[in-house]
Every structure is written in C-alpha cells, then in structure tokens.
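Survey of secondary and tertiary structure
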Amino acid sequence: MGIGVLASGSGTNLAAILEAGLPVTTVVADRRCRALEVAAAAGVRADLVERRSFGLGFDRVAFTEQVLEALAPHQVELVAMAGFGTVLAQPIHDAYPQRILNTHPALLPAFPGWHAVEDALAAGAQITGCTVHLATLEVDAGPVLAQQEVVILEGDSPESLHERIKAVERRLYPRTIAAVLAQLREAGQGSLAIRAGVR
Ligand code: GRF
C-alpha cells in the first residue's frame, strides 16, 4: 500500500516526497516532464496519460478514468498531487474520497488558481506562502491541512518567489503526507477525520 503521485512539471516535490522515504508506489504524469525522470531515477513506476492525446474537445471524465486505470494496480491508499496540471473530474473523488492531497503556492483561500505566485506579486502582498490541502472537485478550495508563510522580498520576480515557496513546500508537503498517511492507517478505511495543523 502506498502513495500515487500525480505530477506535470519539474518534479522537485516528487523528489522531496521520495527523499523523505514515503512509500510512493506509482507516479502518473499528464505530459512529458522531468517528474517522469525523477520517478525513473528512483526506480518508481511511472505512467504517462497524455492530456494532449485527448484532443481539442477535452473529455475530462474520460481523462480522469484513464488516470484511475493507471493508479488502480498499484495499491494506492493516498493520492498526492505535486504540481499536476489538469483538473480532475468527480470519478477520482469517488475512488479516493478524502484521500487526495494537493500543494498550492499561496496561502489559500488567498490566490487560488494557476497563477498564484504572479497574483500575490501583482496584489502587492507582503506575505504569501504555501498550503497543503485536501483536494475537492472545486479547485484549491478543499480543507486546509497545513500552511507556511513566505515573505515577499523587494525585487522578487515570479521565479525567485516561486523558488522560495517551493523550498518550503518541499519540507511541508512530505511531512503533511506522512502525517495523513499515519492517520489513515490508524483510522482504517471509512473513519477518517483529518487533523489539521502540521507545521
Ligand atoms: C509547486 O509550487 C506546486 O505548489 C504547484 O506546482 C509546483 C510544482 O513544482 N502546483 P515541482 O514540479 O514539484 O517542482
């Protein structure tokens, strides 16, 4: 039993999850990306369910079902989205109820969405951060499990700020995943009450 990680990008959060010794049983990417190389280097199975191959009239439910098919054989008890670039449809929430985590580069509910780092800078915020939360069908709106602040520095670019946020995510996310996994295993199936406040 273990964790299925969904990724689309450089895979540094995936690498941190692996380095923390968390039991990743499989990785699924929605595009060719460095995260696939991170998985391969760690000897972890990875599948590519290419979003692009779904064409123009993107069928989100069919895509989600294919992601589920990729996860199914790998004893996944918890799904961790680590920079996954596709919003998934209801079937994944039915398959893994309250068992999908996400990390977001802002202090939710502030700055949800794809451009959280740019939006924090554009708003003139002085503090932003990262949020680990339970993923729900509504994007970036699920219950918060852990948050940590990051100070915005004068002269920060989206890249420099995002890099500092990611450095914090790489510590906070594996720790939160470990805590949730321990609770899941303690509670067994069906009686999960996620406790917040991992720091
Ligand atoms: C993280 O900042 C995450 O919050 C966001 O995408 C980034 C993923 O980075 N959704 P990486 O691919 O793990 O390096």
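A brief look at the structure comes next.

Cut-offs used in this document
Residues numbered from 1 in each chain as written. Predicted model: local features only at pLDDT ≥ 70, side-chain atom pairs only at ≥ 80, totals over all residues. Heavy atoms only, no water. 1 Å grid on protein atoms, 1.4 Å probe; cavity = no way out; pocket = protein on both sides within 12 Å on 5 of 7 lines; lining within 4 Å. Points joined across faces, edges and corners; volume = space filled by probe spheres on them. Helix = DSSP H or I, 4+ residues; strand = E, 2+ residues; numbered from the N terminus. Nonpolar A, V, L, I, M, F, W, Y, C, P; charged D, E, K, R; others polar. Expected span 1.5 Å × (residues − 1). Buried < 20%, exposed > 50% of the residue type's maximum accessible area, 1.4 Å probe, protein only. Arc of directions from axis to C-beta. Contact = heavy atoms within 4.5 Å. Pairing = 2+ DSSP bridges. Axes fitted to C-alpha atoms, helices over the stretch in contact; angles between N-to-C directions. Near = heavy atom within 4 Å. Polar contact = N/O pair within 3.5 Å; in protein donor to acceptor, adjacent residues only side chain to side chain. Areas by Shrake-Rupley, 256 points an atom, 1.4 Å probe, with all protein chains shown as cover. Sits in = over half its atoms within 2 Å of the grid points. Bend = angle between axes of the 7 residues up to and from the residue.

Put simply, the largest pocket is a space of about 760 Å³. Surrounding the largest pocket, 38 residues form its lining, Gly83, Phe84, Asn102, Thr103 and Trp114 being those nearest its centre. Where the lining of the largest pocket is concerned, the elements lending two or more residues are helix 1 (12–19), helix 4 (90–95), strand 5 (100–104), helix 5 (116–122) and helix 6 (158–187). Here the element with the most residues in the lining of the largest pocket is strand 5; it accounts for four residues. Residue composition of the lining of the largest pocket, grouped by class: 14 nonpolar, 18 polar and six charged.

We now examine helix 3 (residues 60–71). Residues spaced three or four apart along an α-helix point in a common direction, a consequence of the helix completing one turn every 3.6 residues. A rise of 1.5 Å per residue sets the reference length of helix 3, with its twelve residues, at 16 Å; its end C-alpha atoms lie 17 Å apart and thus fit the reference within 8%. Every buried residue of helix 3 is accounted for by Phe63, Thr64, Val67, Leu68, Ala70 and Leu71. Mapping the buried residues of helix 3 onto a view down its axis gives an arc of 160°, with all of them on the same face. Taken together, the buried residues of helix 3 touch strand 1 (2–7), strand 2 (24–29), strand 3 (46–48), strand 4 (76–81) and helix 4.

Right, let's talk about the sheet that holds strand 3 for a bit. The strand order across the open sheet built from seven strands is 3-2-1-4-5-6-7, with neighbouring strands paired in mixed fashion. Single-partner strands in this sheet number two, and they are strand 3 and strand 7 (144–151). Mean inter-strand twist for the sheet, computed between neighbouring axes without regard to direction, equals 15°. Sheet topology places strand 5 next to strand 6 (residues 127–134); four bridges connect them, and they run antiparallel. Within strand 6, the residue paired with Asn102 across the bridge is His133. Along the sheet face, helix 2 (residues 34–41) touches strand 1, strand 2 and strand 3 and points at about 155° away from the line of strand 3. Strands in contact with helix 6 are strand 1, strand 4, strand 5, strand 6 and strand 7; relative to strand 7, the strand with the most contacts, it is inclined by about 160°.

The local shell around the ligand consists of Gly9, Ser10, Gly11, Thr12, Asn13, Gly83, Thr103, His104, Pro105, His162, Lys166 and Glu169. The contact in question runs from an oxygen atom of the ligand to an N or O atom on the side chain of Lys166, over 2.8 Å. Within the side chain of Glu169, an N or O atom sits 2.5 Å from an oxygen atom of the ligand. Burial of the ligand by the protein chains amounts to 87% of its free accessible area of 370 Å². Counting atoms within 2 Å of the grid points, the majority share of the ligand lands in the largest pocket. Contributions of two or more residues to the shell around the ligand are made by helix 1, strand 5 and helix 6. Among the elements that line the shell around the ligand, the one with the most residues is helix 6, at three residues.

Here Thr26 lies in strand 2. Not counting chain neighbours up to four residues away, the residues in contact with Thr26 comprise Ile3, Gly4, Val5, Val44, Arg45, Asp47, Leu71, His74 and Val76.

Mapped onto the elements, Asp47 comes out in strand 3. Judged by its relative accessible area of 17%, Asp47 falls in the buried class. As a C-alpha pair, Asp47 and Val67 span 20 residues in sequence and 8.8 Å in three-dimensional space. The residues touching Asp47, leaving out its near neighbours within four places in the chain, are Thr26, Val27, Val28, Ala29, Leu36, Ala70 and His74.

Attention now moves to helix 6. Its 30 residues give helix 6 an end-to-end C-alpha distance of 40 Å, which sits within 8% of 44 Å, the value for a rise of 1.5 Å per residue. Of all the bends found along helix 6, the most pronounced is centred on Glu169 and spans about 30°. Immediately beyond the C-terminal end of helix 6, within one or two residues, lies Gly188, with a positive phi of roughly 70°.

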